[in-house]
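Chain residues, written in single-letter form:
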Amino acid sequence: MKRQSLKTVLSSFVFALAIVASFAFKPATNDISDDIYIQRLPPEYCDIVVVSLPYGCDKLNWGPNCTMDFFGTDYTIFTRRSGILCVDEYRQQL
């Protein structure tokens, strides 16, 4: 009797653990947010800026880099940050 109850409890525990693990290891979505970063003092200080993306700039375009005037200085704008570096420039349409 004790052995049968242990089998039932163990089976229930493994089933519950499988459900929890399926949520814990859920793959990340491929959606990249439309954040805008600028590299103030290369090669460090990649900062996010709270402005709207300039017209015609996209991360999928192949044209020249998009720039933004920020306090009188033109900066290339980037799509994401990796550590302290900005990576993946926004580009203009050809």
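Residues numbered from 1 in each chain as written. Predicted model: local features only at pLDDT ≥ 70, side-chain atom pairs only at ≥ 80, totals over all residues. Heavy atoms only, no water.

Draft legend 1. Here's a closer look at the pattern of salt bridges. If you walk through the whole model with that rule in mind, you get two salt bridges. Asp88 serves as the salt-bridge partner of Arg80, at 2.6 Å between the closest nitrogen and oxygen. Using a relative accessible area of 39% as the deciding quantity, one classes Asp88 as partly exposed. The partner of Arg91 in a salt bridge is Glu89, with the nearest N and O atoms 3.8 Å apart. Relative accessible area serves as the criterion here: at 27%, Arg91 is assigned to the partly exposed category. (Salt bridge = Lys/Arg side-chain N within 4 Å of Asp/Glu carboxyl O. Buried < 20%, exposed > 50% of the residue type's maximum accessible area, 1.4 Å probe, protein only.)

Draft legend 2. Local environment of the state of the cysteines. Counted under the stated rule, the structure contains two disulfides. There is a disulfide in this structure between Cys46 and Cys86, and the S-S distance comes to 1.9 Å. Because the torsion about its S-S bond is 105°, the bridge between Cys46 and Cys86 counts as right-handed. In this pair, Cys46 is assigned in strand 2 (residues 44-49) and Cys86 in strand 6 (residues 85-89), connecting sequence segments 40 residues apart. Its relative accessible area of 3% is what places Cys46 among the buried residues. The exposure class of Cys86 is buried, given its relative accessible area of 9%. Residue pairing for Cys57: its cysteine sulfur links by disulfide to Cys66, the two sulfurs lying 1.9 Å apart. With the S-S dihedral at roughly -115°, the linkage between Cys57 and Cys66 falls on the left-handed side. Judged by relative accessible area, which is 10%, Cys57 ranks as buried. (Disulfide = S-S within 2.5 Å. Helix = DSSP H or I, 4+ residues; strand = E, 2+ residues; numbered from the N terminus.)

Draft legend 3. Representation of the nonpolar core in the model. Ranked by size, the top nonpolar core spans ten residues in total: Ile36, Ile38, Val49, Cys57, Cys66, Met68, Phe70, Tyr75, Ile77 and Tyr90. Secondary structure elements with two or more residues in this core: strand 1 (36-41), strand 4 (67-70) and strand 5 (73-82). When sequence neighbours within four positions are dropped, the list of residues in contact with Ile77 reads Ile36, Tyr37, Ile38, Leu53, Pro54, Cys66, Met68, Glu89 and Tyr90. (Core = buried A, V, L, I, M, F, W, Y, C linked by side-chain atoms within 4.5 Å. Contact = heavy atoms within 4.5 Å.)

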